[in-house]
Amino acid sequence: MRVHICAVGRLRAGPEAALIDDYLTRFDRTGRPLGLTWAELREVEDKKGKGMAGEAELLLRAVPDGATLVALDERGKTLSSPEFADQIGRWRDDGVGDLAFVIGGADGLDKELRTRADFNLSFGRMVWPHMLVRVMLAEQLYRAASILAGSPYHRV
Ligand SMILES: C[S@@+](CC[C@H](N)C(=O)[O-])C[C@H]1O[C@@H](n2cnc3c(N)ncnc32)[C@H](O)[C@@H]1O
């Protein structure tokens, strides 16, 4: 199963980018033997000023055809890290080829995209800045792969 992140906004080089790169590299290294591979992070930017609807259009174009779509949204479902790992494992075992996580911009994700998503994932009821959510998602992907691999990174 190939894992993708499609996100609004351009992340410049800096601490967040370094953290994301580190966690995704570790995710790929740990996940590959388990059938989980890191594909790519695709960034979109609405230059036509069409707002969330324009961003949603660009995000859906960035998501691979046929991918299982996970929308990151504070109104979504919260999971524990082991539950997230189990869910990743289930998608893989169900034969999902591409799993795409979508992160909105400053205004959030268009309702139509959130409704269309196969899963709405929440990192708690508070609203986090979208660049930080990229870091948190990258870390939770690495954590999920570690849990599935039975490695000691995640403490029960
Ligand atoms: C600044 S937030 C968007 C604004 C937020 N929707 C609002 O209404 O204030 C940017 C993006 O980060 C992600 N995000 C922020 N907080 C989150 C949370 N608690 N759980 C999951 N995703 C979150 C979502 O993808 C959101 O679209």
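See the structure shown above.
The text that follows walks through the structure, step by step, so that each part is easy to find. As the structure is a prediction and not an experimental result, all values here were calculated from the model.

### Focus on the overall build of the protein
For the protein, the count of helices and strands is 5 helices and 5 strands. Secondary structure elements of the protein, listed N to C terminal, follow the sequence β-α-β-α-β-α-β-α-β-α. Along the longest, intermediate and shortest principal axes, the C-alpha atoms of the protein span 45 × 35 × 30 Å. Of all 156 residues assigned to the protein, the portion counted as buried reaches 46%. In the protein, of all internal contacts separated by at least 6 residues, the share reaching a separation of at least 24 is 82%. Total accessible area computed for the protein in this model is approximately 8200 Å², and 51% of it derives from carbon and sulfur atoms. Within the protein, one finds 22 positive and 23 negative side-chain charges whose respective centroids are separated by 1 Å.

### Overview of the nonpolar core
Core analysis: the largest hydrophobic core is formed by 30 residues, its most contacted members being Ile-5, Ile-88, Phe-101 and Leu-141. For this core, the secondary structure elements donating two or more residues are strand 1 (2-8), helix 1 (15-31), strand 3 (68-78), helix 3 (81-93), strand 4 (98-103), strand 5 (119-122) and helix 5 (130-149). Sorting elements by how many residues they give to this core places helix 5 first, with 8 residues. Not counting chain neighbours up to four residues away, the residues in contact with Ile-88 comprise Met-1, Leu-36, Leu-99, Phe-101, Leu-141, Ala-144 and Leu-148. Core analysis: the next-biggest nonpolar cluster, separate from the first, contains 15 residues, Val-8, Ala-71, Leu-113 and Ala-117 among them.

### A short note on the pairing of strand 3
Here strand 3 runs beside strand 4; their pairing, made up of 4 bridges, is parallel. Among the inter-strand pairings, Thr-68 is bridged to a residue of strand 4, identified as Leu-99. Between strand 3 and its parallel partner strand 4, the chain crosses via helix 3, and the hand of that crossover is right-handed. Note: strand 3 against strand 5, 5 bridges, orientation parallel. The residue bridging Leu-72 from the neighbouring strand is Leu-121, located in strand 5.

### With respect to helix 2 (residues 51-62)
Look at helix 2: 17 Å from first C-alpha to last across 12 residues, which is about the 16 Å you get at 1.5 Å a residue. When we look at burial in helix 2, the residues that qualify are Gly-54, Glu-55, Ala-56, Leu-59 and Ala-62. Check the buried side of helix 2 and you find it contacts strand 1, strand 2 (37-44), strand 4 and helix 4 (111-116).

### Observations regarding the packing of helix 1 against helix 5
Where helix 1 contacts helix 5, the two axes come as close as 8 Å, and the packing angle between them is 20°. Taken as axis vectors, helix 1 and helix 5 run roughly parallel relative to one another. Note that helix 1 runs across helix 5; the crossing there is left-handed. Residues Glu-16, Leu-19, Ile-20, Tyr-23, Leu-24, Arg-26, Phe-27, Thr-30 and Gly-31 of helix 1 pack against Met-131, Arg-134, Val-135, Ala-138, Glu-139, Leu-141, Tyr-142, Ala-145, Ser-146 and Ala-149 of helix 5.

### Details of the pattern of salt bridges
The tally for this structure, following the rule as stated, stands at 15 salt bridges. Across the salt bridge formed by Glu-57 and Lys-50, the nearest N and O atoms sit 3.3 Å from each other. By relative accessible area, Lys-50 is classed as partly exposed at 43%. A single network of salt bridges, built from pairs that share partners, joins Arg-10, Glu-43, Glu-45, Lys-47 and Arg-134.

Here is what the cut-offs are and how they apply
Residues numbered from 1 in each chain as written. Predicted model: local features only at pLDDT ≥ 70, side-chain atom pairs only at ≥ 80, totals over all residues. Heavy atoms only, no water. Helix = DSSP H or I, 4+ residues; strand = E, 2+ residues; numbered from the N terminus. Buried < 20%, exposed > 50% of the residue type's maximum accessible area, 1.4 Å probe, protein only. Contact = heavy atoms within 4.5 Å. Areas by Shrake-Rupley, 256 points an atom, 1.4 Å probe, with all protein chains shown as cover. Lys, Arg positive; Asp, Glu negative; His and termini not counted. Charge placed at Lys NZ, Arg CZ, Asp CG, Glu CD. Core = buried A, V, L, I, M, F, W, Y, C linked by side-chain atoms within 4.5 Å. Pairing = 2+ DSSP bridges. Right-handed = clockwise from strand over helix to strand, strands pointing away. Expected span 1.5 Å × (residues − 1). Axes fitted to C-alpha atoms, helices over the stretch in contact; angles between N-to-C directions. Parallel < 35°, antiparallel > 145°, perpendicular 65-115°, else oblique. Left-handed = near helix turned anticlockwise from the far one by under 90°. Salt bridge = Lys/Arg side-chain N within 4 Å of Asp/Glu carboxyl O.

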